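As a plain string of letters, each chain reads:
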Amino acid sequence: MKIGTHVIEPALVLAPMAGVTDRPFRMLCRRLGAGLSVSEMTISDPRMWKTEKSRTRMDHVGEPGPVSVQIAGHDPQALADAARHNVAHGADIIDINMGCPAKKVCKVDAGSALLRDEALVARICAAVVAAVPVPVTLKIRTGWSRSERNGVAIARIAEDCGIAALAVHGRSREDRFEGAAEYDTIAAIKQAVRIPVIANGDIRTPEQARQVLAATGADALMIGRAAQGRPWFFREISHFLATGKHLPVPSREWIGRLLVEHLVAMSGLYGEAQGVRIGRKHIRWYCEDHPDADAFWRSISGETCGLAQRRAVARFFGIDDSVLALAAAA
């Protein structure tokens, strides 16, 4: 799949997820098989760009290209300015958020709330495309509500405005993350436009990945929640699509080493105190399929020291403390 001049290989994309797809996680997913990782959404309000949260979201130091940054808002000019700002700070691709169903986003007429106003969608897409010299992509849902699945109309508008690729989550805004994703609308969108279409929603196994590609005819897949605590999921999908066979399950020790590395990287980006807090949810995700995960989580959830947190993780996964020194040195 190509987005502008960028070849996305393999055609597997890490979905933007607020509070999850920071630089350490994006880089892990790229290393472990994702062809593209999209950043957490950056708000279009310039007053927020100098906050600590925005600083870390815009930090792309050492990140392999192409760097894709998602922007969110409802005002075409503000979104155009945000696109220019992020390109100046290293973005190779700009992604517009019209898929987020969160109340705090929709109540300010951003995210998937925009899908109910097709004229505004056109103004936003046109403004952002005109503002930057890099490809612009769009993330949408199948429609504003279950009764108004206008994804095909939105896709045609996007293509006409110069959007380079379209990611579609197989639920309406009304569905949020409830029920099963439906792929008929994604298939209809793929038939209606010439730009690449990326299918998203309910892809939790390599078999489901193959089924979604067959059902939609999509050019690529976007993976979100299934990659939480499992950044190697991308290479599992690639291998299965290529061979029809599963990769061996990663060893407990290998997963533990990866998690320690991830925790060190988060402390490096956020500082120890915040890195420990943010790291807790990742620990829970990495550990949830292992025996005694609940008891371990309860024992570590209040830990405030980064080194103690990593030592506890090492013990849980049966690796020795030498791994901690190697991870810190890296």
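Further up the page is the structure itself.
Criteria and cut-off values
Residues numbered from 1 in each chain as written. Predicted model: local features only at pLDDT ≥ 70, side-chain atom pairs only at ≥ 80, totals over all residues. Heavy atoms only, no water. Helix = DSSP H or I, 4+ residues; strand = E, 2+ residues; numbered from the N terminus. Rg over C-alpha atoms; globule rule 2.2 N^0.38 Å. Buried < 20%, exposed > 50% of the residue type's maximum accessible area, 1.4 Å probe, protein only. Contact = heavy atoms within 4.5 Å. Areas by Shrake-Rupley, 256 points an atom, 1.4 Å probe, with all protein chains shown as cover. Lys, Arg positive; Asp, Glu negative; His and termini not counted. Charge placed at Lys NZ, Arg CZ, Asp CG, Glu CD. Axes fitted to C-alpha atoms, helices over the stretch in contact; angles between N-to-C directions. Parallel < 35°, antiparallel > 145°, perpendicular 65-115°, else oblique. Left-handed = near helix turned anticlockwise from the far one by under 90°. Nonpolar A, V, L, I, M, F, W, Y, C, P; charged D, E, K, R; others polar. Phe/Tyr/Trp six-rings, centres within 6.5 Å; stacked < 30°, edge-to-face > 60°. Polar contact = N/O pair within 3.5 Å; in protein donor to acceptor, adjacent residues only side chain to side chain. Disulfide = S-S within 2.5 Å. Pairing = 2+ DSSP bridges. Right-handed = clockwise from strand over helix to strand, strands pointing away. Core = buried A, V, L, I, M, F, W, Y, C linked by side-chain atoms within 4.5 Å.

**Looking at the overall build of the protein**
Secondary structure assignment for the protein yields 14 helices and 11 strands. Its C-alpha atoms give the protein a radius of gyration of 20 Å, within 12% of the compact-globule value 20 Å for 330 residues. Its C-alpha atoms give the protein principal-axis dimensions of about 60 × 45 × 35 Å. Looking at the protein as a whole, 58% of its 330 residues are labelled buried. At a minimum sequence separation of 6, the contacts of the protein that also span at least 24 residues come to 68%. Carbon and sulfur atoms make up 52% of the accessible area of the protein, which totals about 14100 Å². For the protein, the distance from the average site of its 42 positive side-chain charges to the average site of its 36 negative ones is 2 Å.

**Here's the deal with the side chain of Gln-228**
Assignment of secondary structure puts Gln-228 in the loop between strand 11 (220–223) and helix 9 (233–243). Owing to a relative accessible area of 16%, Gln-228 belongs among the buried residues under this scheme. Apart from the residues within four sequence positions on either side, Gln-228 is in contact with Met-17, Val-20, Phe-25 and Trp-285.

**Focus: the packing of helix 10 (residues 252–270) against helix 11 (residues 272–287)**
Closest axis-to-axis distance for the helix 10/helix 11 pair is 8 Å, and the angle between their directions is 150°. If you check the angle between helix 10 and helix 11, you find them roughly antiparallel. Taken as a pair, helix 10 and helix 11 cross one another with a handedness that is right-handed. Counted together, Ile-255, Leu-258, Leu-259, His-262, Leu-263, Met-266, Ser-267 and Tyr-270 of helix 10 and Glu-272, Gln-274, Gly-275, Ile-278, Gly-279, His-282, Ile-283 and Tyr-286 of helix 11 form the full contact between these two elements. Here the residues of the contact of helix 10 with helix 11 sort into 9 nonpolar, 6 polar and 1 charged.

**Observations regarding the packing of aromatic side chains**
Each aromatic ring pair is specified by the distance between its two centres and by the angle formed by the two planes. This structure, assessed with the given rule, holds 4 aromatic pairs. Both rings, one in Trp-232 and one in Trp-254, keep their centres 5.6 Å apart while their planes meet at 80°; by these two values the pair is edge-to-face. With Trp-232 in the loop between strand 11 and helix 9 and Trp-254 in helix 10, this residue pair connects regions lying 22 residues apart in the sequence. Taking relative accessible area as the criterion, Trp-232 reaches 7% and is therefore assigned buried.

**As for the side chain of His-169**
By secondary structure assignment, the location of His-169 is in strand 9 (residues 165–169). Engagement of the side chain of His-169 in a polar contact is seen with the side chain of Asn-200, the distance being 2.9 Å.

**Description of the state of the cysteines**
With the rule as written, the count across this model stands at 0 disulfides. Between Cys-29, a free cysteine, and Cys-287, which holds the nearest cysteine sulfur, the sulfur-to-sulfur gap is 17 Å.

**Re the sheet that holds strand 4 (residues 36–37)**
Sheet strands pair by backbone hydrogen bonding; their relative direction is either parallel or antiparallel. Taken together, the 9 strands give an open sheet; going across it, the order is 4-3-11-10-9-8-7-6-5, and neighbouring strands pair in parallel fashion. Of all the strands in the sheet, just strand 4 and strand 5 (42–43) have a single pairing partner and so form its edges. Across 2 bridges, strand 3 (residues 12–14) lies against strand 4 in parallel orientation. Looking at strand 4, one finds that Val-13 is bridged to Leu-36. Here helix 7 (residues 184–192) sits on the sheet in contact with strand 8 (136–141), strand 9 and strand 10 (197–200), set at roughly 175° to strand 10.

**Brief notes about the pairing of strand 6 (residues 68–72)**
Within strand 6, 5 of the 5 residues are buried, which leaves the element mostly enclosed by the surrounding structure. Here strand 6 shows two buried faces, one formed by Ser-68, Gln-70 and Ala-72 and the other by Val-69 and Ile-71. Direction of pairing for strand 5 relative to strand 6: parallel, over a ladder of 2 bridges. Each residue of the ladder has a partner; that of Thr-42, found in strand 6, is Ile-71. Of the strand pairs in this sheet, strand 6 and strand 7 (residues 93–98) are connected by 4 bridges, and their pairing is parallel. Within the sheet, the bridge partner assigned to Gln-70 lies in strand 7 and is Asp-95. As a crossover connection, the stretch from strand 6 through helix 3 (residues 76–88) into strand 7 is right-handed.

**Focus: the nonpolar core**
If you look at the biggest cluster of nonpolar residues, it comprises 60 residues, and the most contacted ones within it are Met-98, Val-128, Leu-138, Ile-140 and Ile-223. For this core, the leading source of residues is helix 5 (residues 118–131), giving 6 residues. Ile-223 has contacts with Val-13, Leu-14, Ala-15, Asn-200, Ile-203, Phe-233, Phe-234 and Ile-237, leaving out every residue within four places of it along the chain. Listed in part, the 26 residues of the second largest apolar core include Met-266, Phe-296, Ala-312 and Phe-317.

**Things to note about unusual backbone geometry**
The linkage connecting Glu-9 with the following residue, Pro-10, adopts the cis geometry, with an omega of 0°. Along the polypeptide, Pro-10 turns up in the loop between strand 2 (6–7) and strand 3. Residues Gly-65 and Pro-66 are joined by a peptide bond in cis, for which omega reads -5°. Relative to the helices and strands, Pro-66 resides in the loop between helix 2 (52–57) and strand 6.

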